[in-house]
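# Structural overview
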Amino acid sequence: MDERRVLISADTDFGQILSRSGARKPSVVLVRRVAGRRVEALADLLLLQLPQVESELEAGCVVAIGEDSLRVRALPLR
């Protein structure tokens, strides 16, 4: 069953696990460098940035989101 889930975390270990496993799913969003990491600031950042990478997340990717940055790497990572 394909549940089309996306993991959101500040822990970079998830990218390393995906890289070693060669997996194509789930997509992971890594949240980086957010001032104070207040819940409201994180939610605002995600709501602003995630629509821009929706198709990539559906295909399988790692997205790194920061206050001033957005990087996308397709899965599987090599």
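Scroll up a little and you will see the structure.
First, a word on what this report is: a plain description of the structure on this page.

Analysis parameters
Residues numbered from 1 in each chain as written. Predicted model: local features only at pLDDT ≥ 70, side-chain atom pairs only at ≥ 80, totals over all residues. Heavy atoms only, no water. Core = buried A, V, L, I, M, F, W, Y, C linked by side-chain atoms within 4.5 Å. Buried < 20%, exposed > 50% of the residue type's maximum accessible area, 1.4 Å probe, protein only. Helix = DSSP H or I, 4+ residues; strand = E, 2+ residues; numbered from the N terminus. Contact = heavy atoms within 4.5 Å. Polar contact = N/O pair within 3.5 Å; in protein donor to acceptor, adjacent residues only side chain to side chain.

Of all hydrophobic cores here, the largest spans nine residues; its members are Val29, Val31, Leu45, Leu46, Val53, Leu57, Cys61, Val63 and Ile65. Among the elements of the structure, strand 2 (27-31), helix 2 (39-49) and strand 3 (61-66) are those that each provide at least two residues to this core. The dominant element in this core, judged by the number of residues it contributes, is strand 3, at three residues. For Leu57, the contacting residues outside a window of four places in its chain are Val6, Ser27, Val29, Leu50 and Val63.

Quick look at the side chain of Ser27 now. Mapped onto the secondary structure, Ser27 falls in strand 2. Among the residues examined, Ser27 registers a relative accessible area of 1% and is labelled buried. Within the local environment of Ser27, its side chain forms a polar contact with the backbone nitrogen of Cys61, the two atoms lying 3.0 Å apart. With sequence-adjacent residues up to four places away left out, Ser27 is seen in contact with Arg5, Val6, Leu7, Glu56, Leu57, Gly60, Cys61 and Leu75.

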